[in-house]
Amino acid sequence: MKLGYRFVAYGFILLALFTEQMSRFGPSTAMIGGMVKKNCSDPSDTGKYCWSEKIQALVIGAFFYGYVFQFPIVGIAARFGFTLVVRIFLILSGVIMLTYPLMASVSPYLLIVGQIIRGLGAGVLIAYQFDMVRKWALPSEAKYLISCNGAIQMFGVGSGPFVAGLTASSIGWEYYFYISGIFFLVILTVSLVLVPSSPHRCRFMSEKELRLYAAQKQEEQKYSNKFAGWRDILRRRYLWAFSVAHIGFNFVAYNLYTTFPFYLDQIQNVSITILSWSIMYFGFGMGVSMILLSKIFQFVDTKTSWLKSRITFTMLPFLVHTVMYLIIPSIDHLAVLFAVTLVIVILCGTLYSGSYFTVNYEVDPVNSPKILSVFNSFGQLPGFFGPLVMVFLTYTDPKTPNYDDVLRSRWNRYFYIMASAPMVSFLALIGAYLLKPSEWKLHPTLEKNNVLKNPTADFDSRKDCTELQTNVQTEE
């Protein structure tokens, strides 16, 4: 996989995904680290705002209120161009994050509105990654780049709470939001200067790279590779199985970054420093696993069929997740708890690199952004329900007799209930495959790349580029 200008451009989406995830999961750590009082009646509490646990959960979950409605926004972006919509999102996110402390001083409900707006834009950005893979990556590179997308997001997930905890314990929790806002505006500048809306712009690429794109276009034209209407997309059974699976996946993944920190704080009594490092450990562990697993999957694909590989790595991790969640309540030692969570994060990496995320692209590259927007919308339900479910199942009045024992028993109940989510995902995927196995088929353009293996084929790159520009303008 030789580097070319397409990877310079593709680096933009990686930076954008990193920053979006970094800014998404930091607020909960900022709240624990001094933004919100733990005990409003304690005069020695150094927290700034006296917000109830319900208000905190609403602020954290509000991002996902917007995120869950990405379906129509992605439809608009697909019609008018992802690049324009993503740039608008970068502007709004930068402004919102820079003014986050100011909005918090006015009202937590203003933060809720800001979080909803950011969630709407983030949904477009997540779908945009598949549009970028389709336009900028060659078929032989697509699978690896999808894994890189997931890895960089997890690095952002781990970095966000870490930076929030680090700033909270040193210069102040407000600076986490300032740093995130500046990142968004810097990435916007990179997009405007370096990244066109399509790779088919001759001045950015060498002739050899242009030949690769010309070859790719010729290969695509051999097959039916058109944009599908919403009616056709919504009739696909695997879409609804992926929707259920993504709900289960995010109940597991989001729990690690939004509600699990409260478990570590309330039951394990960890400091804000350890809490920040542990969340970074979750995120970076998942990110590294995605990169390593992508290489393993490439090897597995050479030894067995594409279908057997995807079925195995799509379904089995959900079963293991169920077991892990059932045993967490019985673990008292912090090191053992982190070992169990390491298994969970590695299997989350499996579900991204070799499971339904990748299958979505491999089955239908052109329509993968729209398909993702549907199942990713449903998949965000844990984002805003998760914190509320946590509060409902675990909240214990500090005046309750035997407070510590009651609090622990309620957290145990929380994990037992959460264990059902990945099991439901497993059953949904099995059912979708058994009902219509014909939908699980690798797209021909990703299966037959003979033309693309010969970048020195006899193409008139300038002529081909002109034709490709015309095609892209028509398509967009």
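Residues numbered from 1 in each chain as written. Predicted model: local features only at pLDDT ≥ 70, side-chain atom pairs only at ≥ 80, totals over all residues. Heavy atoms only, no water.

Caption draft 1: Focus on the overall build of the chain. Along the chain, the regular secondary structure elements total 22 helices and 0 strands. Across the 476 residues of the chain, 60% fall into the buried class. Contacts in the chain between residues at least 24 apart in sequence constitute 85% of all its contacts with a sequence separation of at least 6. Of the accessible surface of the chain, which amounts to about 19,300 Å², a share of 65% is contributed by carbon and sulfur atoms. (Helix = DSSP H or I, 4+ residues; strand = E, 2+ residues; numbered from the N terminus. Buried < 20%, exposed > 50% of the residue type's maximum accessible area, 1.4 Å probe, protein only. Contact = heavy atoms within 4.5 Å. Areas by Shrake-Rupley, 256 points an atom, 1.4 Å probe, with all protein chains shown as cover.)

Caption draft 2: Inspection of helix α19 (residues 403-418) at higher detail. Taking 1.5 Å per residue, 16 residues should reach 22 Å; α19 reaches 23 Å between its end C-alpha atoms and fits that length. Every buried residue belonging to α19 is among Val406, Leu407, Trp411, Asn412, Tyr414, Phe415 and Met418, and all of these are buried. On its buried face, α19 sits against α12 (237-266), α14 (306-327), α18 (381-394) and α20 (420-435). (Expected span 1.5 Å × (residues − 1).)

Caption draft 3: The nonpolar core, seen in detail. With 135 residues, the main nonpolar core has Phe12, Met35, Trp51, Tyr257, Tyr263, Ile344 and Trp411 as its most contacted residues. Element by element, the count of residues in this core is highest for α12, at 16 residues. Leave out the neighbours within four places in its chain, and tryptophan 411 touches Thr259, Phe262, Tyr263, Gln266, Ile267, Met390 and Thr394. (Core = buried A, V, L, I, M, F, W, Y, C linked by side-chain atoms within 4.5 Å.)

Caption draft 4: Fine view of the side chain of glutamine 21. Tracing the chain through its elements places glutamine 21 in helix α1 (residues 5-24). Filtering out sequence-adjacent residues up to four positions away, glutamine 21 remains in contact with Ile126, Gln153, Gly156 and Val157.

Caption draft 5: Quick peek at the packing of aromatic side chains. In the structure shown here, the tally under the stated rule is 26 aromatic pairs. Centroid distance phenylalanine 242 to tyrosine 356: 5.7 Å. Interplanar angle 40°. Geometry classified as tilted. A residue pair is termed long-range when its members are at least 10 positions apart, and phenylalanine 242 in helix α12 and tyrosine 356 in helix α16 (residues 356-363) qualify at 114 residues. Where phenylalanine 242 meets phenylalanine 375, the ring centres are 5.8 Å apart and the plane angle is 85°; that geometry is what we call edge-to-face. Of this pair, phenylalanine 242 sits in helix α12 while phenylalanine 375 sits in helix α17 (residues 368-379), and the two are 133 residues apart along the sequence. (Phe/Tyr/Trp six-rings, centres within 6.5 Å; stacked < 30°, edge-to-face > 60°.)

Caption draft 6: Highlighting the environment of proline 72. Structurally, the position occupied by proline 72 is in helix α4 (residues 70-80). Sequence spacing of proline 72 and valine 374 is 302 residues, and the spatial spacing of their C-alpha atoms is 9.1 Å.

Caption draft 7: Structural detail: the side chain of asparagine 250. Assignment of secondary structure puts asparagine 250 in helix α12. Not counting the four nearest positions on each side in its chain, asparagine 250 is found in contact with Asn255, Gly379, Gln380 and Pro382.

Caption draft 8: Expanded view of unusual backbone geometry. Phi at asparagine 269 takes a positive value of approximately 55°, unusual for a residue other than glycine. For asparagine 269, a relative accessible area of 61% corresponds to the exposed category. In the Ramachandran plot, asparagine 402 falls in the positive-phi region, its phi being about 55° despite a non-glycine side chain. By the secondary structure assignment, asparagine 402 is in the loop between α18 and α19.

Caption draft 9: Structural context of the environment of threonine 312. One can find threonine 312 in helix α14. With 42 residues separating them in the primary sequence, threonine 312 and glycine 354 have C-alpha atoms 9.1 Å apart.

Caption draft 10: Inspection of the packing of helix α13 (residues 272-303) against helix α15 (residues 334-353) at higher detail. With their axes 8 Å apart at the nearest point, α13 and α15 run at an angle of 45° to one another. The angle between α13 and α15 falls in the class oblique. Our pair here, α13 against α15, has a crossing hand that is right-handed. Contacts between α13 and α15 pair Ser278, Tyr281, Phe282, Gly285, Met286, Ser289, Met290, Leu293, Ser294 and Phe297 from the former with Phe338, Ala339, Thr341, Leu342, Val345, Ile346, Cys348, Gly349, Thr350, Tyr352 and Ser353 from the latter. Broken down by class, the residue content of the contact of α13 with α15 amounts to 13 nonpolar, 8 polar and no charged. (Axes fitted to C-alpha atoms, helices over the stretch in contact; angles between N-to-C directions. Parallel < 35°, antiparallel > 145°, perpendicular 65-115°, else oblique. Left-handed = near helix turned anticlockwise from the far one by under 90°. Nonpolar A, V, L, I, M, F, W, Y, C, P; charged D, E, K, R; others polar.)

Caption draft 11: The arrangement of the packing of helix α7 (residues 108-136) against α16 in detail. The geometry of α7 relative to α16 is characterised by a closest axis approach of 11 Å and an angle of 45° between their N-to-C directions. What the angle tells us is that α7 and α16 run oblique. Note that α7 runs across α16; the crossing there is right-handed. Residues Phe130, Val133 and Arg134 of α7 touch α16, and the partners they reach there are Phe357, Asn360 and Tyr361.

This is a description of form; function is not addressed.
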